[in-house]
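Listed here are the chains, written in short residue letters.
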Amino acid sequence: MSFQYDISQLDGATAVRLSGRLDSATASGFEKPLQDLFNQPASRVLMDFSALDYISSAGLRVVLMAAKRAKQSQGALVLCSLQQQVRDVFEISGFLRILDVADDSAAALNRLRTSA
């Protein structure tokens, strides 16, 4: 299965919906578009993982770099709807302790609104 992403506007935030596999073969092509979302100060980005089946360490690195970029630009990044196998990778890596993760997109949007 390949990797795809869709970027759209959702209630004052930018929603990035991921699907497929975010791994070493696909992460490099996704890094720049994701980083570019934080070119404007105070950007609010929701990453929806509901259709992402797999993430590797290369994918984790891209997510972590986006979180750092969000912080540098006084923006916010909230991840949501992690499938269990993807959530396990975030848990094992310790990323659940350092990233903002919500159960679903409604909760993620609420966090983005309150972080303004």
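It should be noted that the structure appears before, not after, this text.
Residues numbered from 1 in each chain as written. Predicted model: local features only at pLDDT ≥ 70, side-chain atom pairs only at ≥ 80, totals over all residues. Heavy atoms only, no water.

J.: Give a detailed account of the overall build of the chain, specifying residues and quantitative values.
T.: In terms of regular secondary structure, the chain is built from 4 helices and 5 strands. When the elements of the chain are put in sequence order from the N terminus, they spell out β-β-α-β-α-β-α-β-α. Relative to its length of 116 residues, the chain is compact, with a C-alpha radius of gyration of 13 Å against a globular reference of 13 Å. Dimensions of the chain along its principal axes, counting C-alpha atoms only, are 35 × 25 × 25 Å. Here the chain, with 116 residues, has 45% of them falling under the buried criterion. Pairs at least 24 residues apart make up 66% of the contacts formed inside the chain by residues separated by at least 6 positions. For the chain, the exposed area adds up to about 6,000 Å²; of that, 49% sits on carbon and sulfur atoms. Once the 12 positive and 12 negative side-chain charges of the chain are each reduced to a mean point, those two points are 8 Å apart. (Helix = DSSP H or I, 4+ residues; strand = E, 2+ residues; numbered from the N terminus. Rg over C-alpha atoms; globule rule 2.2 N^0.38 Å. Buried < 20%, exposed > 50% of the residue type's maximum accessible area, 1.4 Å probe, protein only. Contact = heavy atoms within 4.5 Å. Areas by Shrake-Rupley, 256 points an atom, 1.4 Å probe, with all protein chains shown as cover. Lys, Arg positive; Asp, Glu negative; His and termini not counted. Charge placed at Lys NZ, Arg CZ, Asp CG, Glu CD.)

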